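# A look at the structure
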Amino acid sequence: MTTYAYALGEALYLNLTSACTLACVFCPKIRDDDWVVGGYDLRLSRAPSADEVWDQVLRAGLAGRPEVVFTGLGEPTRRLSVLLEITRRLVDAGVARVRLDTDGLASLREGRDVIPEMARAGLGALVVSLNAPDSATYVRLCPNQYGEAAWEAARDFLRSAAGCIPDVEASFVGVPGLDAEACRMEAERLGARFRLRPYDRVGRLKEQGGNA
Ligand code: SF4
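Read on for a plain summary of the structure. Just so it is clear, the model here is predicted, and its values are computed rather than measured. (Residues numbered from 1 in each chain as written. Predicted model: local features only at pLDDT ≥ 70, side-chain atom pairs only at ≥ 80, totals over all residues.)

### Considering the sheet that holds strand β5 (residues 68-70)
To keep it simple, the criterion reads: Here, a strand pair is defined by DSSP locating no fewer than two bridges between the strands. Helix and strand assignments come from DSSP, with helices taken as H or I runs of at least 4 residues and strands as E runs of at least 2, each series counted from the N terminus. To obtain an axis, a line is fitted to C-alpha atoms, over the contacting stretch when the element is a helix, and the angle between two such axes runs from 0 to 180 degrees between their N-to-C directions. Throughout, a pair of residues is in contact if the C-beta atoms placed from their backbones lie within 7 Å.
The seven strands are arranged β1-β2-β5-β6-β7-β8-β9 in an open sheet whose pairing can be described as mixed. The open sheet has two edge strands with one neighbour each: β1 (5-8) and β9 (193-197). On average, each strand axis in the sheet is tilted by 25 degrees relative to the strand beside it, whichever way the strands run. Looking at chain direction, β5 and strand β6 (residues 98-102) are connected through three bridges and run parallel. Along β6, the bridge assignment pairs Phe70 with Leu100. Sheet strands touched by helix α3 (residues 80-92): β2 (11-14), β5 and β6. Its angle to β6, the strand with the most contacts, is close to 155 degrees.

### Structural notes on the environment of Pro166
Here Pro166 is to be found in the loop between α7 (149-164) and β8 (167-173). As for Pro166 and Leu62, which are separated by 104 residues in sequence, their C-alpha atoms are 21 Å apart. If we ignore the near neighbours within four places in the chain, the residues touching Pro166 are Gly124 and Ala125.

### Focus on the pairing of β1
Of the pairings in the sheet, the one linking β1 to β2 comprises four bridges and is antiparallel in character. Its bridge partner lying in β2, Ala7 is registered against Leu12. Linkage of β1 to β2, two consecutive antiparallel strands, is achieved through a turn of two residues, within which Gly9 is found at a positive phi near 65 degrees.

Written out as structure tokens, the structure reads:
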């Protein structure tokens, strides 16, 4: 069965797309063509509708889930309307915490600040993969069509989120040579908590469920 929702531990993870805006050099799907997370093959041949995702959410069950997370091996905000719709349904269903793991480029792609829409839908936590303390390092680690402007856009996204999403983190993959202290300072400047993620196990940590 195609995997749109998958449980790891008590949390439930949602996989809305295989498409990305970045081609991160440390990503298992880019580096190793490895799409398996926690035993689930997350490669999708097409993007699911909100109802198709919701059907798998209900089948997995929501009772006792401390958290539901949009993640996977694709960028969830590439399916923004589905993400917002599922967030509303999860909040209405009483889920304690809805989290989004993201590249932080949704506002750049959409041409408007989408953080207020996420806040209105009830998103409770955001983890933005900033991945670098400066734009040159970012482009080297996360090649993309926007170039260095993408790093600035992810920072703007974090700044906007810090004002209206309850829990905001900036995450960095600890590739060899990364200046972790500079990353910490950058996260704190943006009003976000700092998270350093292990390099070799990106996408394979049970508690992460994926690494968008
Ligand atoms: S690390 Fe995340 S954003 Fe980067 S290519 Fe992989 S899934 Fe996409």
